[in-house]
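Results of the structural survey
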Amino acid sequence: MIDLILLDGPGVGIAQVAIATAATMLAIGVAFLMAPSRSTLWWSLTFTLVMVASYGMVAGSADGFEPVRGISVGLMMGAPALLWSGFRALRGARNLAWIGPVVSVLSMGAL
């Protein structure tokens, strides 16, 4: 009758990669190229980071190689800090963009 939708497996990873790629194209094409500023630069870099990490997660899951998947998830953990830096840059405050790479490196080490 009603089948359960499994939220695990290659289908979800491929969907995540497709959405991350589309969001990256929109962030760069609509936001950064139309109105270049420091805030749109940080947001474009954030979406690019998430896209690359999504590809790494799918590759690590497909191969069954857990270190690649852990590194990709750790890389993705720096994305909220980069988004936050973009909002700070939009507001005119000091953006503190160094926090994103620090969080990514520490998360990669922990995972």
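The model shown is predicted, which means the values in this text are computed figures rather than measured ones. (Residues numbered from 1 in each chain as written. Predicted model: local features only at pLDDT ≥ 70, side-chain atom pairs only at ≥ 80, totals over all residues. Heavy atoms only, no water.)

A few words on the overall build of the chain. A tally of helices and strands in the chain yields five helices and zero strands. Each helix and strand of the chain, placed in order from N terminus to C terminus, yields the pattern α-α-α-α-α. Dimensions of the chain, computed from the C-alpha atoms along their principal axes, are close to 55 × 35 × 25 Å. Counting all 111 residues of the chain, 33% fall into the buried class. Restricting the contact set of the chain to residue pairs at least 6 apart, pairs at least 24 apart contribute 58%. Entry remark: accessible area of the chain is about 7200 Å², with carbon and sulfur atoms responsible for 75%. Charge centroids of the chain, computed over 5 positive and 4 negative side chains, lie 33 Å from each other. (Helix = DSSP H or I, 4+ residues; strand = E, 2+ residues; numbered from the N terminus. Buried < 20%, exposed > 50% of the residue type's maximum accessible area, 1.4 Å probe, protein only. Contact = heavy atoms within 4.5 Å. Areas by Shrake-Rupley, 256 points an atom, 1.4 Å probe, with all protein chains shown as cover. Lys, Arg positive; Asp, Glu negative; His and termini not counted. Charge placed at Lys NZ, Arg CZ, Asp CG, Glu CD.)

Attention now goes to unusual backbone geometry. For leucine 96, which is not glycine, the phi torsion reads 50° and is therefore positive. Tracing the chain through its elements places leucine 96 in the loop between α4 (79-91) and α5 (99-110).

The subject of this paragraph is the nonpolar core. In this structure, Ala20, Trp42, Leu49, Val50, Met51, Ala53, Met57, Met76, Ala79, Leu82 and Ala97 together form the largest nonpolar core, which totals eleven residues. Of all the elements in the fold, those that place two or more residues in this core are α2 (38-63) and α4. Looking at this core element by element, the count peaks at six residues for α2. Here alanine 20 is in contact with Val50, Met51 and Ser54, once residues within four sequence places are set aside. (Core = buried A, V, L, I, M, F, W, Y, C linked by side-chain atoms within 4.5 Å.)

It is worth spelling out a nonpolar patch on the surface at this point. Together, Phe47, Leu83, Phe87 and Leu90 line one region of the surface with nonpolar side chains, adding up to about 370 Å² of accessible area. Ranked by residues supplied to the nonpolar patch, first place goes to α4 with three residues. Relative to the helices and strands, leucine 83 resides in helix α4. (Patch = residues over 30% accessible without salt bridge, like charges linked within 9 Å, V, L, I, M, F, W, Y side chains within 5 Å. Salt bridge = Lys/Arg side-chain N within 4 Å of Asp/Glu carboxyl O.)

On the secondary structure map, serine 72 appears in helix α3 (residues 66-76). With a relative accessible area of 6%, serine 72 lands in the buried category. If we skip the residues at most four places from it in the chain, serine 72 touches Ala53, Gly56 and Met57.

For the rest of this paragraph, the subject is the confidence of the model for the chain. Residues shown with low pLDDT carry predicted positions that ought not to be read at fine detail. Considering every residue of the chain, the mean pLDDT works out to 87; 91% of them sit at 70 or more. Element-level pLDDT for the chain is lowest in helix α1 (residues 10-32), with a mean of 88, against a maximum mean of 92 in α4. (pLDDT = per-residue confidence, 0-100.)

This next bit is on the pattern of salt bridges. Using the criterion set out here, one finds one salt bridge in the structure. The salt bridge partner of glutamate 66 is arginine 69, with a shortest N-O separation of 3.5 Å. Taken together, the positions of glutamate 66 and arginine 69, both in helix α3 and three residues apart, correspond to about one turn of that helix. You can call glutamate 66 partly exposed: its relative accessible area is 49%. Of the residues examined, arginine 69 reaches a relative accessible area of 32% and is grouped as partly exposed.

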